[in-house]
Amino acid sequence: MSTRLDICRPDDWHVHLRDDATLASVVADTARRFARAIVMPNLKPPVTTVAQAEDYRRRILASLPPGTGFQPLMTLYLTEATPAEEIRRAKASGTVFAVKYYPAGATTNSQDGVRDLARVYGVLEAMEQHDLPLLLHGEVTDPGIDIFDRERVFIERHLVPLQARFPGLRLVLEHITTRDAVEFVSAGPANLAATITVHHLLLNRNALFVGGLNPHHYCLPILKRETHRAAVLQAATSGNPHFFLGTDSAPHPRHAKESACGCAGVYTAHAAIELYAEAFEQAGKLDQLEAFASFHGPDFYRLPRNRERLLLEKRPWTVPTEFALGDATCVPMRADKIVAWSLVEG
Ligand code: DOR
Ligand code: ZN
């Protein structure tokens, strides 16, 4: 008799579904595992208005396999031109659940992001007033700061002053990767939370160089040293409600990753909850997976927990070498290797 794990259906609080043919290639992976997902707005052009978010939401729903009840929770991309009025519209929409802050230049399609936080104070005030969460890509872009220190320095330079100025604003520090972020969020108020990806739970920065340079493990924030991975794993498995699941699954075509200037992003949606189960099992904390994956996120976003269940079993399977991504291909995490847990469907 194999080991089974029966949990409340999880949600993904940070995912990149992209658009067009790429969207059609990836959305089913997320919808098979998660009831809902916070969908990132870093399309080209970015999703900056409620009207654009609602159009994008319709495209996502139209790309879903028939019969899934998956709900995309939309976000707006914050720019220095976002009017405070858009926040009121977002709150009233029932379709937009958060606003994403990208420091300009920090990552994929962030060029329209914010250069100077002071220029968006009016919008942040409206978000605090309307209680719409701000999701932070928490890295400084200062080229003088070492890439491995960019999260820690963001917290010191930007997050601390932001919290002081907008104490009522709900904040999510996305995809945390360092002990510094764990300590900061753990010590913070209830309106500060963090998402944690599965690649940052399972990999440290050595994975970038095993057997030669591996562009499929390049993501932002970049993988960190083992002591940081261990701290992030401890946080995820601790039962602390400040921490919840956000895959940051970010597909790129194989040729764009295996290139002289490879894109940042790891694709994990094909095996997301199975890989989280592996990480929690490694920590001896499988009993904490459900709270991290299915309870803390909706509680923070003030949404109901899902009523449906998800069943996993300890049955190994081999991840394909690649899969179709529009008219290209994508190399998923663990390509050609074994994942220990499987979904039980039907
Ligand atoms: O690795 C990443 N990929 N980090 C991000 O912040 C963006 C994402 C993407 O959109 O490809
Ligand atoms: Zn992301």
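Note: the structure precedes this text.
Residues numbered from 1 in each chain as written. Chains lettered and ligands numbered in written order. Predicted model: local features only at pLDDT ≥ 70, side-chain atom pairs only at ≥ 80, totals over all residues. Heavy atoms only, no water.

So, the overall build of the protein
The helix and strand inventory of the protein stands at 11 helices and 15 strands. The C-alpha radius of gyration computed for the protein amounts to 19 Å, which stays within 12% of the reference 20 Å derived for 346 residues, consistent with globular compactness. Overall, the C-alpha framework of the protein stretches about 55 × 45 × 40 Å when taken along its three principal axes. For the protein, the proportion of its 346 residues judged to be buried stands at 58%. Contacts in the protein between residues at least 24 apart in sequence constitute 72% of all its contacts with a sequence separation of at least 6. Roughly 13800 Å² of accessible area belongs to the protein as shown, and the carbon and sulfur atoms make up 51% of that amount. Mean positive and mean negative side-chain charge positions of the protein (37 and 40 charges, respectively) differ by 1 Å. (Helix = DSSP H or I, 4+ residues; strand = E, 2+ residues; numbered from the N terminus. Rg over C-alpha atoms; globule rule 2.2 N^0.38 Å. Buried < 20%, exposed > 50% of the residue type's maximum accessible area, 1.4 Å probe, protein only. Contact = heavy atoms within 4.5 Å. Areas by Shrake-Rupley, 256 points an atom, 1.4 Å probe, with all protein chains shown as cover. Lys, Arg positive; Asp, Glu negative; His and termini not counted. Charge placed at Lys NZ, Arg CZ, Asp CG, Glu CD.)

Some remarks on the coordination of the zinc ion (ligand 2)
The coordination sphere of the zinc ion (ligand 2) contains the protein donors His14 (NE2), His16 (NE2) and Asp248 (OD), at a distance range of 2.0 to 2.1 Å. The motif formed by the donor residues of the zinc ion (ligand 2), counted along the single chain, is H-x1-H-x231-D. Taken together, the positions of histidine 16 in the loop between strand S2 (12-15) and helix H1 (20-33) and aspartate 248 in the loop between strand S9 (243-245) and helix H9 (254-257) put the pair 232 residues apart, joining distant regions of the chain. Neither histidine 16 nor aspartate 248 differs from the other in exposure class; each is buried. (Donors = N, O, S within 2.8 Å, 3.2 Å for Na, K, Ca; no water.)

Observations regarding unusual backbone geometry
With an omega of -5°, the peptide bond running from lysine 44 to proline 45 counts as cis. Here proline 45 is to be found in the loop between strand S3 (36-39) and helix H2 (50-63). The residue after leucine 220, namely proline 221, is reached through a cis peptide bond having omega -5°. Within the secondary structure, proline 221 sits in the loop between helix H7 (198-202) and helix H8 (226-236). For asparagine 109, which is not glycine, the phi dihedral falls at a positive 50°. As for its position among the elements, asparagine 109 is in the loop between strand S5 (96-101) and helix H4 (121-130). On the basis of relative accessibility, which here comes to 14%, the residue asparagine 109 falls in the buried class. Although it is not a glycine, arginine 302 sits at a positive phi angle of roughly 60°. Classification of arginine 302 by relative accessible area gives exposed; the value is 57%.

Considering the site of ligand 1
Neighbouring ligand 1 are 13 residues, the closest being Arg18, Asn42, Thr107, Leu220 and His252. In the environment of ligand 1, an oxygen atom lies 3.3 Å from a nitrogen or oxygen atom belonging to the side chain of histidine 137. When ligand 1 is considered free in solution it has 290 Å² of accessible area, and contact with the protein chains removes 99% of it. Residues belonging to the shell around ligand 1 are distributed by class as follows: four nonpolar, seven polar and two charged. (Near = heavy atom within 4 Å. Polar contact = N/O pair within 3.5 Å; in protein donor to acceptor, adjacent residues only side chain to side chain. Nonpolar A, V, L, I, M, F, W, Y, C, P; charged D, E, K, R; others polar.)

Without other data, these values stay purely geometric and don't point to any function.
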